[in-house]
Amino acid sequence: MLVITVMNNPGTGAFPLRIEGLGAAADGVAHHDGHVLFIPGTLPGEEVLARFSGTRPELIEITAPSSDRVAPPCTLFGECGGCAIQQMSLPALLDWKTTRVAEALTAAGFEDLPVPQRYQTPSYTRRRMDLAIQRIPGGVILGLHRRNGDPVDMTECHVLHPTLFALLKPLREVLSSLGALTGRGGLVLNLLDSGPDLTLSTPAELTTADRTKLAAFGRQHGLPRISWQNPKDRSIETVSQTRAVKEAFGSVEITPPPAAFLQATEDAENAIVQAVVDGLPPLNKKDITVELFAGCGTLTFPMSEKGRVIAYEGDLAAATCLKAAAGGRRVDGFHRDLMRQPLLPQDLKSTRAVVLDPPYAGAGAQTMPLAKSGVKDIVYVSCNPAALEKDGRALKEAGYSVLNWTIVDQFLWSTEVETVLVFSRDPKRIKRENSRRNHNVPSHLDS
């Protein structure tokens, strides 16, 4: 039997455990003396030896490893907090994430769920990342925080796009020379169609010399734009721009604001967009799709190729970006904080379908007015199973069924999972979809 030794000196008080599943943070779950224990680094089905270190369980040995256990690809795994579960094979990880979403939907009251579509992004494709900066004697650390700890220098990464990773070494040099970096700061990296886009935050304001250095860095490395966030009022200004900043959503080219939200990988974005567009009901020229939490238009413009879209976004910079690109198209963009001023049922009277991509906490105050509206079809993009369970329960009580759902794993080796869900309470559409499913007939919902 293969034995994985975690500690060389087990000491006393060791007890055996069988790992029954994974918790939300990807720690193994076991029961001992009537208590639920969470054992980091373990996988379902494994038999382990553990002991208590104070009040916390501590792993000693994995005596019977899971068949899903693999060697972590990154040498920083266990230090860097960017990845939570590299010891599990990617197919098994996708299965676990699918199960998390299925359990959330079941808890919300949905039964007889259809088989989901699934997509898992490749490694080395992450095009957006928020990094921490920490000044140390002789330089800076640039990377992600360890679990509940300080940043770990990112000398290796198996998720970040190579174009962005190649910038980290020269970035450390220029950042260490900045007078404004007196302690800890942050750096948002976005890989746009026009090239890498950087937004820097520092404890102090940039000096004239700092701005000159950053501008020279941008020219040297061909960066279209470098921006800086003011520590006093959190406003963002452009420090250096060498050419136009561009990103395409469908056939529409936009100019994203600094630190704009993008889906983490381009291929995952394509999978999400396709699932959303396929999930819309048949539309005619007069039908209106209302989009909530629209961002800069990731979903808006591809959807506008099927019909008119009225899009609402709470972030002013993103809403302004969307509206600027909407001219001459079947898109109307509005700046509106849906958490403070949700659309009411009467606001949705003429709406054929609603598409929403809410923040991590869910749709919040917008959920109940949507559930009470007369809208028959909803496409919901979820990034949090717990929030999905809460919002889904309200939709279930309002009579919606799940026609289709698509799992998109764009955050490899993490606990995060994206899901595109097609909800309907249109009896004809539900009957048609159930009939298609029973007879294995393809439909526009299939990818």
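The rules we used
- Residues numbered from 1 in each chain as written.
- Predicted model: local features only at pLDDT ≥ 70, side-chain atom pairs only at ≥ 80, totals over all residues.
- Heavy atoms only, no water.
- Helix = DSSP H or I, 4+ residues; strand = E, 2+ residues; numbered from the N terminus.
- Core = buried A, V, L, I, M, F, W, Y, C linked by side-chain atoms within 4.5 Å.
- Buried < 20%, exposed > 50% of the residue type's maximum accessible area, 1.4 Å probe, protein only.
- Contact = heavy atoms within 4.5 Å.
- Pairing = 2+ DSSP bridges.
- Axes fitted to C-alpha atoms, helices over the stretch in contact; angles between N-to-C directions.
- Salt bridge = Lys/Arg side-chain N within 4 Å of Asp/Glu carboxyl O.
- Expected span 1.5 Å × (residues − 1).
- Phe/Tyr/Trp six-rings, centres within 6.5 Å; stacked < 30°, edge-to-face > 60°.

K.L.:
Sorry, what's going on with the environment of Gln 117 here?
P.N.:
With respect to the helices, strands and loops of the structure, Gln 117 is situated in strand E8 (residues 117-120). Residues Gln 117 and Thr 419 lie 302 residues apart in sequence; the distance between their C-alpha atoms is 9.7 Å.

K.L.:
Explanation requested: the nonpolar core in the structure shown.
P.N.:
Soluble, globular proteins show a tendency: their nonpolar side chains are buried together. In terms of nonpolar packing, the biggest core is built from 46 residues, with Leu 171, Leu 175, Leu 198 and Leu 200 touching the most fellow members. Taken together, the elements giving at least two residues each to this core come down to helix H1 (90-107), strand E9 (128-136), strand E10 (139-145), helix H2 (162-176), strand E12 (184-192), strand E13 (195-201), helix H3 (208-220) and strand E14 (225-229). If you tally residues by element for this core, the top one is H2, at six residues. Beyond its immediate chain neighbours, meaning those up to four positions away, Leu 198 contacts Leu 167, Leu 171, Leu 187, Val 188, Leu 189, Phe 217, Leu 223, Arg 225, Ile 226 and Ser 227. Ranked by size, the runner-up nonpolar core spans 34 residues in total, among them Phe 301, Val 309, Val 331 and Val 420.

K.L.:
What is the right way to look at the pairing of strand E21 (residues 353-356) in this model?
P.N.:
For a regular strand, the rule is simple: side chains alternate between the two faces of the sheet. Side chains of E21 alternate between two faces, with Ala 353 and Val 355 and Val 354 and Leu 356 buried alike. For strand E18 (residues 288-292) and E21, the ladder comprises four bridges, and the chain directions are parallel. Among the inter-strand pairings, Thr 289 is bridged to a residue of E21, identified as Ala 353. Across four bridges, E21 lies against strand E22 (residues 377-382) in parallel orientation. When the bridges of E22 are listed, Leu 356 appears paired with Tyr 380.

K.L.:
Would you explain the sheet that holds E9 in this entry?
P.N.:
Through backbone hydrogen bonds, the strands of a sheet pair up, either in parallel or in antiparallel fashion. The sheet built from seven strands is open, its strands ordered E11-E10-E9-E12-E13-E14-E15 with mixed pairing. Among the strands making up the open sheet, the edge pair consists of strand E11 (151-153) and strand E15 (236-241). The average angle at which neighbouring strand axes cross in this sheet is 35 degrees, direction not considered. Two strands pair when backbone bridges link them, and E14 and E15 are joined in this way by five bridges, in the antiparallel orientation. Across the sheet, the residue bridging to Arg 225 is Gln 241, located in E15. Taken strand by strand, H2 contacts E9, E10, E11, E12 and E13, and its axis lies near 140 degrees from that of E10.

K.L.:
I tried to follow the pattern of salt bridges on my own but got confused; where do I start?
P.N.:
Once the charged atoms of two side chains with opposite charge are near each other, the side chains can pair. Tallied over the entire structure, the rule returns 22 salt bridges. Arg 146 is the partner of Glu 79 in a salt bridge, and the nearest nitrogen-oxygen pair spans 3.9 Å. With Glu 79 in the loop between strand E7 (56-64) and H1 and Arg 146 in the loop between E10 and E11, the pair connects residues that are 67 residues apart, well separated along the chain. Look at the salt bridges and you will find they share partners, linking Arg 127, Glu 247 and Glu 269 into a network.

K.L.:
What exactly am I supposed to notice about the environment of Thr 351 here?
P.N.:
Residue position: Thr 351 is located in the loop between strand E20 (331-335) and E21. Linking Thr 351 and Leu 131, residues 220 residues apart in sequence, is a C-alpha distance of 40 Å. Leave out the neighbours within four places in its chain, and Thr 351 touches Ile 288, Val 290 and Val 375.

K.L.:
Just checking my understanding: could you explain the sheet that holds strand E3 (residues 21-22) for this structure?
P.N.:
Spatially, E3-E4-E5 is the arrangement adopted by the three strands of the open sheet, whose pairing is antiparallel. Strands at the two margins of the open sheet, each flanked by one partner only, are E3 and strand E5 (35-39). Across two bridges, E3 lies against strand E4 (residues 28-32) in antiparallel orientation. Paired with Gly 21 across the bridge in E4 is Val 29.

K.L.:
Looking at this structure, I do not really get the pairing of strand E19 (residues 308-313). What am I missing?
P.N.:
Of all six residues in E19, five are buried; the element is thus mostly enclosed. Across five bridges, the pairing between E18 and E19 is parallel. For Glu 291, the partnering residue across the bridge sits in E19 and is Ala 311. Both E19 and E20 contribute to a ladder of five bridges, which runs parallel.

K.L.:
Just to check I follow, could you spell out H3 for this structure?
P.N.:
Two residues of an α-helix separated by three or four positions point the same way, owing to the 3.6 residues in each turn. Compared with an ideal rise of 1.5 Å per residue, which puts 13 residues at 18 Å, H3 spans 18 Å between its outermost C-alpha atoms and is within 8% of the ideal. Packing partners of the buried residues in H3 comprise H2, E13, E14 and E15. Directly beyond the C-terminal end of H3, a positive phi value near 65 degrees is found at Gly 222.

K.L.:
Is there a simple way to explain the packing of aromatic side chains in this structure?
P.N.:
In this description, a pair of aromatic rings is defined by centroid distance and the angle of the planes. A full pass over the atoms with the stated rule returns four aromatic pairs. Centre to centre, the rings of Tyr 380 and Phe 423 are 6.5 Å apart; their planes meet at 85 degrees, and the pair counts as edge-to-face. Remark: Phe 423 occurs in strand E24 (residues 418-424) and Tyr 380 occurs in strand E22; sequence separation between them is 43 residues. According to the relative accessible area criterion, Phe 423 is buried, its value standing at 0%.

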